[in-house]
Amino acid sequence: MFDHKVTDVFFDLDHTLWDFEKNSALTFAKILVENKVNVDLDDFLEVYAPINMQMWALYRQNGIGKSELRYQRLKQTFDRLGEHVPDEIIDVLSHEYIAHLSSFNHLLPNTLETLEYLFPKYKLHIITNGFQEVQTKKLRGSGIHHYFQKIIDSEMAGVKKPDPYIFQMALEQAKVKPQNSLMIGDNLEADILGAKALGMQVLHYNFHKESDHGECTMIHDLIEIKNIL
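The present account deals with the structure reproduced in this document. (Residues numbered from 1 in each chain as written. Predicted model: local features only at pLDDT ≥ 70, side-chain atom pairs only at ≥ 80, totals over all residues. Heavy atoms only, no water.)

Glancing now at unusual backbone geometry. Here the amide bond leading from Lys 161 into Pro 162 is cis, since omega sits at 15°, within 30 degrees of zero. The backbone phi angle of His 15 is positive, close to 70°, even though this residue is not glycine. Within the secondary structure, His 15 sits in the loop between strand S1 (8-11) and helix H1 (20-34). Although it is not a glycine, Asn 110 sits at a positive phi angle of roughly 70°. Within the secondary structure layout, Asn 110 lies in the loop between helix H4 (87-101) and helix H5 (111-118). (Helix = DSSP H or I, 4+ residues; strand = E, 2+ residues; numbered from the N terminus.)

What follows is the structure in structure tokens.
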């Protein structure tokens, strides 16, 4: 399937291994109640999810900074729901969301079985655009930190995927050539096209149920990796 022997496998974290949607929902269920924000959780999450994706896309493109992302995704959600929530409460929610998010540690289906299969055969690493202060907590809290030799995040690199520099930094730290590396992630632009542009081999975990794009092989369950590697 791959043109060159794979020795190192690089994973994205959120929406690839770590169940961001489920853990995020549990976090909001906690902090909205504790801060007496009376909105229906399902309605909130339905509006929040696409806004959060839009804000992250802007963040990847350097259109907004970290603080603005954290504020705007909540502000715009409440505005769209027709709920007036003061800025001071939004600031509290923004802080508490980050503080509590990594305390929930659900993984996507077959994450552990897949990592157990790969661990004796390949060197495993993480490349993530997530915030440095929470990504390590997510890995440790969910019990998968020990599988990975190198963990590269966008704040460490100073750029975000799909910028080639973050992939170059990861390859240099792992001491591996692009052609012997495989990037696995859920985001076509950030993970797949970004890594492919640098000469890495790629595998698209189709978490978002996108249509076939022809860029590379797509999988719909992590367990499929066992039939590929």
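Okay, back to it.
Burial along S1 is two-sided: Asp 8 and Phe 10 facing one way and Val 9 and Phe 11 facing the other are all buried. Sheet topology places S1 next to strand S2 (residues 123-128); 4 bridges connect them, and they run parallel. In the strand pairing of S2, Phe 10 is matched with His 125. Of the pairings in the sheet, the one linking S1 to strand S4 (residues 181-185) comprises 4 bridges and is parallel in character. (Buried < 20%, exposed > 50% of the residue type's maximum accessible area, 1.4 Å probe, protein only. Pairing = 2+ DSSP bridges.)

Let us look at the sheet that holds S2. The strand order S3-S2-S1-S4-S5-S6 describes an open sheet built from 6 strands, whose pairing is parallel. Each having just a single partner strand, strand S3 (150-153) and strand S6 (218-219) make up the two edges of the open sheet. The sheet strands contacting helix H8 (residues 164-174) are S1, S2, S3 and S4, and the helix crosses S3 at an angle near 160°. (Contact = heavy atoms within 4.5 Å. Axes fitted to C-alpha atoms, helices over the stretch in contact; angles between N-to-C directions.)

With that settled, the discussion passes to the packing of helix H2 (residues 41-60) against helix H3 (residues 66-81). Helix-helix packing is characterised by the crossing angle of the two axes and by the distance between the axes. Here H2 crosses H3 at 145°, and the two axes come no closer than 9 Å. Where H2 crosses over H3, the handedness of that crossing is right-handed. Contacts between H2 and H3 involve Asp 43, Phe 44, Val 47, Tyr 48, Ile 51, Asn 52, Met 55, Trp 56 and Tyr 59 from the former and Lys 66, Leu 69, Gln 72, Arg 73, Leu 74, Gln 76, Thr 77, Phe 78, Arg 80 and Leu 81 from the latter. Residue composition of the contact of H2 with H3, by class: 11 nonpolar, 4 polar and 4 charged. (Left-handed = near helix turned anticlockwise from the far one by under 90°. Nonpolar A, V, L, I, M, F, W, Y, C, P; charged D, E, K, R; others polar.)

Moving on, we get to the nonpolar core. Ranked by size, the top nonpolar core spans 52 residues in total, and within it Phe 11, Phe 78, Leu 124, Ile 144, Phe 148, Ile 225 and Leu 229 carry the most contacts. Broken down by element, the residue count for this core peaks at 7 residues, all from H2. Once residues within four sequence positions are removed from consideration, Phe 11 is found in contact with Thr 16, Leu 17, Leu 115, Leu 118, Leu 124, His 125, Ile 126, Ile 127, Phe 148, Met 183, Ile 184 and Ile 225. Counting 18 residues, the second-largest nonpolar core is a separate cluster that includes Ile 127, Ile 152, Met 169 and Met 200. (Core = buried A, V, L, I, M, F, W, Y, C linked by side-chain atoms within 4.5 Å.)

What follows concerns the pattern of salt bridges. In this structure the tally under the stated criterion is 11 salt bridges. The salt bridge involving Glu 133 is made with Arg 70; its shortest N-O contact spans 2.7 Å. Of this pair, Glu 133 sits in helix H6 (residues 132-141) while Arg 70 sits in helix H3, and the two are 63 residues apart along the sequence. Residues Lys 75 and Asp 79 are paired through a salt bridge, measuring 3.5 Å at the closest nitrogen-oxygen approach. Here Lys 75 pairs with Asp 79, and both are found in helix H3, just 4 residues apart, close to one helical turn. What makes Asp 79 partly exposed here is its relative accessible area of 45%. Overlapping salt bridges bring together Lys 66, Arg 70, Glu 133 and Glu 155 as one network. (Salt bridge = Lys/Arg side-chain N within 4 Å of Asp/Glu carboxyl O.)

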